[in-house]
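Secondary and tertiary structure notes
As a plain string of letters, each chain reads:
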Amino acid sequence: MDTPRSEKTHVEVSEDDKAYKYAEARSAAPSVYEKGTPIEEVADLPPDGGRGWLVIFGCVIFSAATVGWGYVWGVTEEYFKEHVFPDASESVLSTLGSMSGMFMTMLSVIPGKLADRYGYKPFLAAGGALWTLSMLLCVFATQLWHFFVIMGLIQGLANALVYPLIVALPAQWFLRYRALATGMVVAGSSLGGAVSSLVFRELLTNFGLKKSFGIYTAIDGSLLFVAWFMISERRKPSERKKIVWIDRSFFSDPVFWSLGLCFFFTVFGYLSPIFFLPTFASQKLPHLSDLLAALPVTMLNFSAAAGRTLIGFLADRIGPVNSLWAMIMLSGLTQLLVWTFVSNYAGIMAFAIMYGFVCGCFLSLSPAVAAQLWGSGRLAGLSGLMLLFNLPGNSAGAPLGGAILTGTGNNWTAVSCYSGGLQILGATVLLYARLKREPKVFARY
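Nothing here was measured: the structure is a model prediction, and the numbers come from that model.

As for the overall build of the protein chain
Counting its secondary structure elements, the protein chain contains 21 helices and zero strands. Sorting the 445 residues of the protein chain into buried and exposed places 58% on the buried side. Within the structure as shown, the protein chain displays about 17400 Å² of accessible surface, and the carbon and sulfur contribution to it stands at 68%.

Below you can see the structure in the form of structure tokens.
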């Protein structure tokens, strides 16, 4: 006889916690999918722990191995420029680094909605297998266009199969600590990027490009295989609702456009420091070794892992929308007021740590913000839909920064003003959604 669901995820919960969770479950504006849902179904509350922590750990591994690889691009780009494709321009190499994010954001809505209907694990298995194959194919790539196909199209598709699912899964297992749990998953990408930027830099120095990719193929394949068995859904197959490909109620909601445009402008300014920090350090301090030039982006990623996790504590206390506005504003101000003026190694490291702590928090918070604004009925599909707003910035943000750098004769102030200014604009646009849903300025929301 099957074990009842309540026993599978049983966690002792006090009456006060039950009341808190019930109030939280009803606080978000219901999405079109949740209208008419019986109150008993809405009150089927996540356990906020137990088996959920193992699920989060599995999602963290997926995040580190796949999405986290994008944060190693500063190291990869520098190696490509010096040893593999010396004739390629900075804008072309930056475009290559952006391709994976572009395809991920362009395609995520499709696997997100399919996974909401048919379950997450088959799509995670496909994404993990495709990612491992892409790393293996890099071993045999010899031309620049080979890497555009592999690291752009194939890895972008693999990330599209993985990312909207792993950021949506915490909502099935956590309510009170939802923002924290989601932050931990997104922080996994920064942690993976931080570790990989150091390890891959040393592998490149000692073994060259092909052997380094071969080693990473084995590492990623093993980690993703183990992580897949850690992940589980709480939803029963009978609870998976019919796919609604186009939810017109979102498009007629000004709050949707406020949040979407916030992400649109924010992402344009997000990647420039991550992609260009090794180059910035090398140009400002030509005597630096390869390892020291790569170290600031490593520290940026370690700091981002801490920030993306700790922002969950803040969001669970002051609200995810409030936290999102504060972090985007601080990210833009850090670029304008710090990156613009640093010129020595200590200053570069300080900027990397400060920017890293706040820059990626919007990625951690976006699922919790979407759940706050529209409910969590089909969060994977909604997460994929919101990622479409990231598409222009992911594909053109860093290349545009590279073009500005080249066009201004390596004027880094122009780059920092461009990227920081756009993030401040993104925070400003978000104010409409915040005040429309909750007019009280100091309210938790």
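Quick look at the side chain of Thr-279
The residue Thr-279 is located in helix H14 (residues 272-284) in this model. When near neighbours in sequence (up to four residues on either side) are disregarded, Thr-279 contacts Glu-90 and Trp-412.

Overview of the pattern of salt bridges
Tallying each qualifying case throughout the model produces two salt bridges. When the shortest N-O distance is used, the salt bridge between Arg-201 and Glu-78 registers 3.9 Å. Separated by 123 residues along the polypeptide, Arg-201 in helix H11 (residues 178-230) and Glu-78 in helix H5 (residues 73-84) bring together distant segments of the chain. Owing to a relative accessible area of 7%, Glu-78 belongs among the buried residues under this scheme. One salt bridge connects Asp-253 with Arg-437, and the closest N-O pair in it is separated by 3.2 Å. Placement of Asp-253 in the loop between helix H12 (248-251) and helix H13 (254-268) and of Arg-437 in helix H21 (residues 412-437) is noted, with a sequence separation of 184 residues between them. Judged by relative accessible area, Asp-253 falls into the buried class, the value being 15%. Under the relative-accessibility criterion, Arg-437 is labelled partly exposed at 27%.

A closer look at empty space enclosed by the protein
The final tally for this structure, using the stated rule, is four cavities of 30 Å³ or more. Here the largest cavity is characterised by a volume of approximately 400 Å³. What lines the largest cavity is a set of 28 residues, among which Val-67, Gly-70, Ser-100, Gly-101 and Asn-394 lie closest to the centre. The set of elements that each furnish at least two residues to the lining of the largest cavity consists of H5, helix H6 (90-107), helix H9 (144-168) and helix H18 (361-374). For the lining of the largest cavity, the per-class residue count stands at 17 nonpolar, eleven polar and no charged.

With respect to H14
Along H14, the sharpest change in direction is near 40° and occurs at Pro-278. Taking burial as the measure, the 13 residues of H14 include ten buried ones, the bulk of the element. Among the residues of H14, those classed as buried are Ser-272, Pro-273, Ile-274, Phe-275, Phe-276, Leu-277, Pro-278, Thr-279, Phe-280 and Ala-281.

Topic: the nonpolar core
With 117 residues, the main nonpolar core has Phe-147 and Phe-213 as its most contacted residues. Ranked by residue count, the leading element in this core is H11, at 13 residues. Apart from the residues within four sequence positions on either side, Phe-213 is in contact with Trp-69, Met-135, Cys-138, Val-139, Phe-147, Met-151 and Phe-200.

Details of the confidence of the model for the protein chain
Of the residues in the protein chain, 86% reach a pLDDT of 70 or more, and the chain-wide mean stands at 82. Confidence over residues 1-42 falls short of pLDDT 50; this stretch has 58 contacts with residues more than four positions distant or in other chains.

Description of a nonpolar patch on the surface
Residues Trp-325, Leu-431, Leu-435, Val-441 and Phe-442 make up a contiguous nonpolar surface patch of about 540 Å² in total accessible area. Tracing the backbone shows Val-441 in the segment after H21.

Section: unusual backbone geometry
Only a minority of non-glycine residues have a phi that is not negative, and only a minority of peptide bonds are not trans. Even without being a glycine, Asn-410 presents a positive backbone phi close to 60°. Along the chain, Asn-410 turns up in the loop between helix H20 (391-407) and H21. A residue is classified by how much of its surface remains accessible, and Asn-410, at 42% relative accessible area, is partly exposed.

As for H18
Between its first and last C-alpha, H18 extends 20 Å over 14 residues, near the 20 Å set by a 1.5 Å rise per residue. Along H18, the sharpest change in direction is near 30° and occurs at Pro-367.

Observations regarding the packing of helix H4 (residues 51-65) against H11
Between H4 and H11, whose axes approach to 3 Å, the crossing angle comes to 30°. As far as their axial angle goes, H11 and H4 are roughly parallel. For the contact of H4 with H11, the residue count by class is 21 nonpolar, five polar and two charged.

Focus: the packing of aromatic side chains
Two aromatic rings, taken as a pair, are described by how far apart their centres are and by the angle between their planes. Taken as a whole, this structure holds 27 aromatic pairs when the rule is applied. Taken together, the ring pairs in this structure connect Phe-276, Phe-280, Trp-339, Phe-351, Tyr-355 and Trp-412 into an aromatic cluster.

Here's the deal with the environment of Met-99
Relative to the assigned elements, Met-99 resides in helix H6. According to the relative accessible area criterion, Met-99 is buried, its value standing at 15%. For the pair formed by Met-99 and Met-151, sequence separation is 52 residues and the distance between their alpha carbons is 7.3 Å. Setting aside its immediate chain neighbours within four residues, Met-99 contacts Phe-148 and Gly-152.

A short note on the packing of H11 against H18
Axis separation between H11 and H18 bottoms out at 7 Å; the angle between their running directions is 145°. Judged by the twist between their axes, the crossing of H11 over H18 is right-handed. From H11, Arg-178, Ala-179, Thr-182, Gly-183 and Val-186 reach across to H18, where they touch Leu-363, Ser-364, Pro-367, Ala-368 and Ala-371.

Side note on the environment of Thr-309
Looking at the element boundaries, Thr-309 is found in helix H15 (residues 290-318). A sequence separation of 130 residues divides Thr-309 from Ala-179, and the C-alpha atoms of the two residues are 8.7 Å apart. If sequence neighbours within four positions are ignored, Thr-309 has contacts with Leu-180, Gly-183, Met-184 and Ala-187.

Rules behind the numbers
Residues numbered from 1 in each chain as written. Predicted model: local features only at pLDDT ≥ 70, side-chain atom pairs only at ≥ 80, totals over all residues. Heavy atoms only, no water. Helix = DSSP H or I, 4+ residues; strand = E, 2+ residues; numbered from the N terminus. Buried < 20%, exposed > 50% of the residue type's maximum accessible area, 1.4 Å probe, protein only. Areas by Shrake-Rupley, 256 points an atom, 1.4 Å probe, with all protein chains shown as cover. Contact = heavy atoms within 4.5 Å. Salt bridge = Lys/Arg side-chain N within 4 Å of Asp/Glu carboxyl O. 1 Å grid on protein atoms, 1.4 Å probe; cavity = no way out; pocket = protein on both sides within 12 Å on 5 of 7 lines; lining within 4 Å. Points joined across faces, edges and corners; volume = space filled by probe spheres on them. Nonpolar A, V, L, I, M, F, W, Y, C, P; charged D, E, K, R; others polar. Bend = angle between axes of the 7 residues up to and from the residue. Core = buried A, V, L, I, M, F, W, Y, C linked by side-chain atoms within 4.5 Å. pLDDT = per-residue confidence, 0-100. Patch = residues over 30% accessible without salt bridge, like charges linked within 9 Å, V, L, I, M, F, W, Y side chains within 5 Å. Expected span 1.5 Å × (residues − 1). Axes fitted to C-alpha atoms, helices over the stretch in contact; angles between N-to-C directions. Parallel < 35°, antiparallel > 145°, perpendicular 65-115°, else oblique. Phe/Tyr/Trp six-rings, centres within 6.5 Å; stacked < 30°, edge-to-face > 60°. Left-handed = near helix turned anticlockwise from the far one by under 90°.

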